[in-house]
Amino acid sequence: MSRELLSRREANAYSPLSLAFLGDSVYDMLVREYLLRQGNMPVAKLHSAKIKLVCAEFQSAAYDLIAEVLDERELAVLKRGRNATGNTVPKHAEAVQYRRATAVESLLGYLYLTGKDERIRELFELVLKNLTDPGE
């Protein structure tokens with residue numbers, strides 16, 4: 001299945017929350033694939049491990065790592081996502097963490113729409129390398 005890629009301009013026309021809507025799925029799929037490749041384990045264990053990596057707290061920490069290596073365009077998308085209004089913050093997350101998590105998801109949605117799959121993987125690997133325990 002192939003997908004139709006958008007230009008940077010076309011992707012920028014989407015609201016940050018719309019980009020985050022897509023980016024959430026991109027991130028979730030990367031986490032699930034990563035965990036599955038760690039070895040065959042019960043689904044309950046996979047789910048528990050996934051929750052730790054998909055939470056706002058973890059993604060907020062990823063924001064700091066990612067922000068350091070972005071180019072100007074990518075950083076602009078990240079900041080648009082962070083500053084997006086309309087977020088309803090879940091009870092288990094702080095507002096700042098949730099906004100930063102939304103920013104990361106916005107960037108991933110943008111990169112996905114523009115066909116930057118290699119860049120997505122590069123950023124994801126940076127996060128895993130720096131924020132996960134080697135034994136996980």
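Everything here concerns the structure above.
Residues numbered from 1 in each chain as written. Predicted model: local features only at pLDDT ≥ 70, side-chain atom pairs only at ≥ 80, totals over all residues. Heavy atoms only, no water.

## Considering the side chain of Gln59
Right, so step 1: Among the structural elements, Gln59 can be located in helix 4 (residues 56-67).
Right, so step 2: Residues within four places of Gln59 in sequence aside, it is in contact with Tyr27, Leu53, Val54, Ala101, Val104 and Glu105. (Helix = DSSP H or I, 4+ residues; strand = E, 2+ residues; numbered from the N terminus. Contact = heavy atoms within 4.5 Å.)

## Quick notes on helix 4
Right, so step 1: Between its first and last C-alpha, helix 4 extends 16 Å over 12 residues, near the 16 Å set by a 1.5 Å rise per residue.
Right, so step 2: Every buried residue belonging to helix 4 is among Ala56, Phe58, Gln59, Ser60, Ala62, Tyr63, Leu65 and Ile66, and all of these are buried.
Right, so step 3: Looking at the buried residues of helix 4, the elements they touch are helix 2 (16-37), helix 3 (43-54), helix 5 (72-82), helix 6 (95-113) and helix 7 (117-131). (Expected span 1.5 Å × (residues − 1). Buried < 20%, exposed > 50% of the residue type's maximum accessible area, 1.4 Å probe, protein only.)

## Side note on helix 2
Right, so step 1: Along its 22 residues, helix 2 runs 31 Å from first to last C-alpha, staying within 8% of the 32 Å computed at 1.5 Å per residue.
Right, so step 2: At Leu22, helix 2 shows its largest bend, some 25°.
Right, so step 3: Within helix 2 the residues assigned to the buried category are Pro16, Leu19, Ala20, Gly23, Val26, Tyr27, Asp28, Leu30, Val31, Tyr34 and Leu35.
Right, so step 4: The inward-facing, buried residues of helix 2 contact helix 1 (8-12), helix 3, helix 4, helix 5, helix 6 and helix 7.
Right, so step 5: Immediately downstream of helix 2, the backbone of Gly39 shows phi near 140°, a positive value. (Bend = angle between axes of the 7 residues up to and from the residue.)

By themselves, these are just geometric observations and shouldn't be taken as functional.
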